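Reading the structure
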Amino acid sequence: MGLSKWILLLLTHPNEFRSLAQFYLFHEKKRDITSMKEHATSGWDRESMRRCWAFLDQTSRSFSAVIKELDGDLARTICMFYLVLRGLDTIEDDMTIPDNVKQPILRSFHKHTVTPGWKFDGCGPNEKDRQLLVEYDVVVEEVNRLDASYRDVITSIAEKMAAGMADYAHKAATTGSIYLDTISEYDLYCHYVAGLVGEGLSGIFSASQKEVGWLKDQLELSNSMGLLLQKTNIIRDYREDVDEQRYFWPREIWGRKEYGFNDMKDLYAPHARERAMWAQSGMVVDALRHAIDALDYLRLLKNQSVFNFCAIPATMAIATLELCFMNPQMFDHNIKIRKAEAARLIMRSTNPREVAIIFVEYTRKIHAKAVTTDPNYLRISVACGKIEQWREHHYPSHVVLTDNRTSHNQEDARSRIITVEQARDLELAKKKRMEEIRAAMHIPGYKPPTPPSEISKLEVALYVAGGMSVIVLFAAIIVYCVINYLE
């Protein structure tokens, strides 16, 4: 941002100016992959790896920044994983490649990825990431340098993803359309292009030993993480996709009778905005059903850099869903969350509790924008309620964390109940202790000490008299014995 933009932002959005200033001043990079001490894990000392890092920056600047902060060799491994899948996606998206050429390339792409010297220059000149495939031999070189456990995960996911992409590309080439009819077909498509990415990342995390070994077996949670992000992008990119004749919204959602649409292009007609937002609402409901699994997945992660890598895109996704929900601008052009909001999310997405709070904040905004005339109103309410319920179950809102200690918000009725219960428990503990003491006094063989009793004056006189009598008696005996002895 230039100086003029900073000044304009300060004058028009002072809170956003403050957030961006805090981000740039206080958010430190976790590592610098170009430094000498990082060469062993980042591969920056090799020309081929430097070229791969450059490709990563060109294809996705935001994603690149998150990848580079991963610990150890995870950054380099996931960089290669991303470039392999980006190359695969570029071939699948390129409509200038004939189907008879595209099919064998896609279905053998996992083999090409480990074949030294392989590259492809058959993409159209206007394809955004064409150069990546033209120089794909450097990607192949670096993939073959990876540990075998990483390489096996990458090639396995590439093979599965390529098979799914090839099927959809063939359908588009033979039918002239990639309309998805049912939600099941929509889920399957998203699984191929994003759910498998989640599975691959879990496999890489486990192979790195920075996360538990069984994380790679959490296929449903990994798939849901990918589906949440992919479905959010599909909702946001509606106009761009429709203009390029890519129809990813399932007819089962937008084609309901009460909406009255026969074609996805009809959704951005000015006179149909209300009904179009109902269809959009149905898409948001469908995306939100993966939120709980995404939160569950994040709770499994222990490494901080891995958590940040997964949590930041998830919080960005829920913020994007809130931005799109009931927003008619989405049907006119591509919309994105503001930079300041993105900066706040990056700084806050550091632990599962805070991520859960972020999810609740945005789902409350979604629910606040919902209208009762929307046929999906009840489903939206339930979906938002489930996220709120998950947060309250795992991280109750009345529990306040301060300086590594927990306290309770006394304004919350639950806190007052806890206070009463704690007082009752303390009273019960005292009562139980007294009962234990009383019971100990009745143990067999146990003789409680006799308390001292008061002695009357008569008893004292009798004791004295008795003592004097004994003394007089002993004295008489002694005198008697002496007299007899002297005689």
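So, how was this worked out
Sequence order sets the numbering: in each chain, residues are counted from 1 along the sequence as written. Per-residue local features are limited, in this predicted model, to residues with pLDDT of at least 70; the limit for side-chain atom pairs, both in listing and counting, is 80 or more; totals at the level of whole chains, interfaces and linings are taken over all residues. Side-chain measures were taken over the full set of non-hydrogen atoms in the model, leaving aside hydrogen atoms and water. The helix count covers DSSP runs of H or I at least four residues long, the strand count covers runs of E at least two residues long, and both are numbered beginning at the N terminus. It is over C-alpha atoms that the radius of gyration is taken, and the globule rule equals 2.2 Å times the number of residues to the power 0.38. For the exposure calls, accessible area comes from a 1.4 Å probe over protein chains only, and a residue counts as buried if that area is under 20% of its type's maximum, exposed if over 50%, partly exposed in between. For this analysis, residues touch if any pair of their heavy atoms sits within 4.5 Å. Shrake-Rupley sampling with a 1.4 Å probe provides the accessible areas, and residues are treated as covered by the protein chains on show and by no other component. In this analysis, the expected span of each helix is defined as 1.5 Å times one less than the number of residues it contains. Basic side-chain nitrogens of Lys or Arg form a salt bridge, by our definition, when they fall within 4 Å of a carboxyl oxygen of Asp or Glu. A residue's pLDDT is the confidence the predictor assigns to it, expressed on a 0 to 100 scale. Any pair of Phe, Tyr and Trp rings, taking the six-membered ring for Trp, is counted once the centres come within 6.5 Å. Such a pair is stacked with planes under 30 degrees apart, edge-to-face with planes over 60 apart, and tilted for the rest. Here a patch means residues that are over 30% exposed by relative accessible area and free of salt bridges, tied together within 9 Å if like-charged and within 5 Å if nonpolar (Val, Leu, Ile, Met, Phe, Trp, Tyr). Counted as a polar contact is a pair of N or O atoms within 3.5 Å, where, for protein atoms, one must be capable of donating a hydrogen and the other of accepting one, and residues adjacent in sequence contribute only when both atoms are in side chains. Note on terminology: disulfide denotes any pair of cysteine sulfur atoms within 2.5 Å. Joining through side-chain atoms within 4.5 Å is the link that ties buried Ala, Val, Leu, Ile, Met, Phe, Trp, Tyr and Cys residues into a set, and such a set is a nonpolar core. Only the stretch in contact is used when a helix axis is fitted, and all axes are lines through C-alpha atoms; the angle between N-to-C directions ranges over 0 to 180 degrees. When an angle is under 35 degrees it counts as roughly parallel; over 145 it counts as roughly antiparallel; between 65 and 115 it counts as roughly perpendicular; any other value is oblique. If you view the pair so one helix is near and one far, a crossing is left-handed when the near helix is turned anticlockwise from the far one by less than a right angle, and right-handed when it is turned clockwise. Polar here means any residue outside two lists: the nonpolar Ala, Val, Leu, Ile, Met, Phe, Trp, Tyr, Cys and Pro, and the charged Asp, Glu, Lys and Arg; Gly therefore counts as polar. When charges are tallied, Lys and Arg are placed among the positive residues and Asp and Glu among the negative ones, while His and the ends of the chain are skipped.

Bringing the overall build of the protein chain into the picture now. Broken down by element type, the protein chain carries 23 helices and 2 strands. Radius of gyration (C-alpha) of the protein chain: 38 Å, far over the 23 Å computed for a compact globule of 487 residues. Along the first, second and third principal axes, the C-alpha set of the protein chain runs to 155 × 60 × 50 Å. Put simply, the protein chain has 487 residues, and 45% of those count as buried. Look at the contacts in the protein chain between residues 6 or more apart in sequence, and 69% of them connect residues 24 or more apart. A total accessible area of about 26,400 Å² is found for the protein chain, and carbon and sulfur atoms account for 57% of it.

Another point: helix 21 (residues 377-394). Between its terminal C-alpha atoms helix 21 stretches 26 Å, which fits the 26 Å expected from 18 residues at 1.5 Å a residue. Residues of helix 21 that are buried: Ile380, Ser381, Ala383, Cys384, Ile387, Trp390 and Arg391. Looking at the buried positions of helix 21, the neighbouring elements they touch are helix 16 (273-288), helix 17 (291-300) and helix 20 (352-369).

Glancing now at the pattern of salt bridges. One pass over the full model with this rule turns up 25 salt bridges. The residue Asp57 makes a salt bridge to Lys68 at a minimum N-O spacing of 2.9 Å. Placement of the pair is Asp57 in helix 4 (residues 47-59) and Lys68 in helix 5 (residues 61-68), with a sequence separation of 11 residues. Put simply, Arg433 and Glu436 hold a salt bridge, and the shortest N to O gap is 3.5 Å.

Looking at the protein chain, the pLDDT average stands at 87 and 90% of residues meet or exceed 70. When pLDDT is averaged over each helix and strand of the protein chain, the minimum, 64, is found for helix 2 (residues 14-26) and the maximum, 96, for helix 17.

Taken as a whole and assessed by the stated rule, the structure comprises 12 aromatic pairs. With a centroid separation of 5.1 Å and 80 degrees between ring planes, the pair formed by Tyr168 and Tyr189 is classed as edge-to-face. Taken together, the residues Tyr168 in helix 11 (residues 148-175) and Tyr189 in helix 12 (residues 183-207) connect sequence positions 21 residues apart. This pair shows no difference in class: Tyr168 is buried, exactly as Tyr189 is. On the basis of an interplanar angle of 70 degrees and a centroid distance of 5.3 Å, the ring pair of Tyr238 and Phe331 is categorised as edge-to-face.

Looking now at the environment of Glu274. Structurally, Glu274 is set in helix 16. Between the C-alpha atom of Glu274 and that of Asp374, which follows or precedes it by 100 residues, the distance is 8.8 Å.

There is a patch of nonpolar side chains on the surface, built from Val460, Val464, Met468 and Ile471 and spanning about 380 Å² of accessible area. Summarising the element assignment, Ile471 is placed in helix 23 (residues 457-486).

With 18 residues, helix 20 ought to run about 26 Å at 1.5 Å a step, and its terminal C-alpha atoms sit 26 Å apart, in line with that. As for helix 20, its buried residues are in contact with helix 13 (219-236), helix 17, helix 18 (304-324), helix 19 (339-348) and helix 21. Capping of helix 20 at its N-terminal end is provided by Asn351; its side-chain oxygen lies 3.2 Å from the backbone amide nitrogen of Arg353.

What follows covers the side chain of Glu142. Along the polypeptide, Glu142 turns up in helix 10 (residues 136-145). A polar atom in the side chain of Glu142 sits 2.5 Å from the side chain of Ser48. Discounting residues that sit within four places of it in the chain, Glu142 has contacts with Arg46, Ser48, Met49, Cys52, Arg76 and Met80.

The next point concerns the state of the cysteines. Counted under the stated rule, the structure contains 0 disulfides. Here Cys190 stays unpaired: no disulfide links it, and the sulfur of Cys324, its closest cysteine neighbor, is 15 Å away. Cys190 sits in the buried class, given a relative accessible area of 0%.

Grouped together as the largest cluster of nonpolar side chains are 128 residues, with contacts concentrated most on Val139, Phe205 and Trp249. When residues of this core are assigned to their parent elements, the largest contribution, 13 residues, is made by helix 18. Leave out the neighbours within four places in its chain, and Trp249 touches Leu180, Ile234, Ile235, Tyr238, Trp254, Met264, Leu267, Ala279, Gln280, Met283, Met330 and Phe331.

Glancing now at the environment of Leu295. By the secondary structure assignment, Leu295 is in helix 17. Considering only alpha carbons, one finds Leu295 and Ile417, 122 residues apart in sequence, at a separation of 28 Å. Contact partners of Leu295, with chain neighbours within four places excluded, come to Val355, Ala356, Phe359, Ile387 and Trp390.

At their nearest, the axes of helix 13 and helix 17 sit 8 Å apart, and the two run at 120 degrees to each other. Here helix 13 is positioned oblique relative to helix 17, judged by the angle of their axes. Considering only the axes of helix 13 and helix 17, their crossing is left-handed. Residue-level contacts link Glu220, Leu221, Ser222, Ser224, Met225 and Leu228 of helix 13 to Asp293, Ala294, Asp296, Tyr297, Leu298 and Leu300 of helix 17. Residues belonging to the contact of helix 13 with helix 17 are distributed by class as follows: 7 nonpolar, 2 polar and 3 charged.

Assignment of secondary structure puts Lys102 in helix 7 (residues 99-107). It turns out Lys102 is buried and unbridged, and the closest side chain with the opposite charge, Asp99, is 6.3 Å from it. For Lys102, the residues in contact, after removing those within four places along its chain, are Ile91, Glu92, Asp94, Ile97 and Ala169.

Attention shifts here to the environment of Glu220. Positionally, Glu220 belongs in helix 13. Owing to a relative accessible area of 59%, Glu220 belongs among the exposed residues under this scheme. C-alpha separation for the pair Glu220 and Ala294, spaced 74 residues apart in sequence, amounts to 9.8 Å.

Phi angles above zero are rare outside glycine, and Gln209 is one such case at about 65 degrees. Tracing the sequence through the fold places Gln209 in the loop between helix 12 and helix 13. On the basis of relative accessibility, which here comes to 71%, the residue Gln209 falls in the exposed class.

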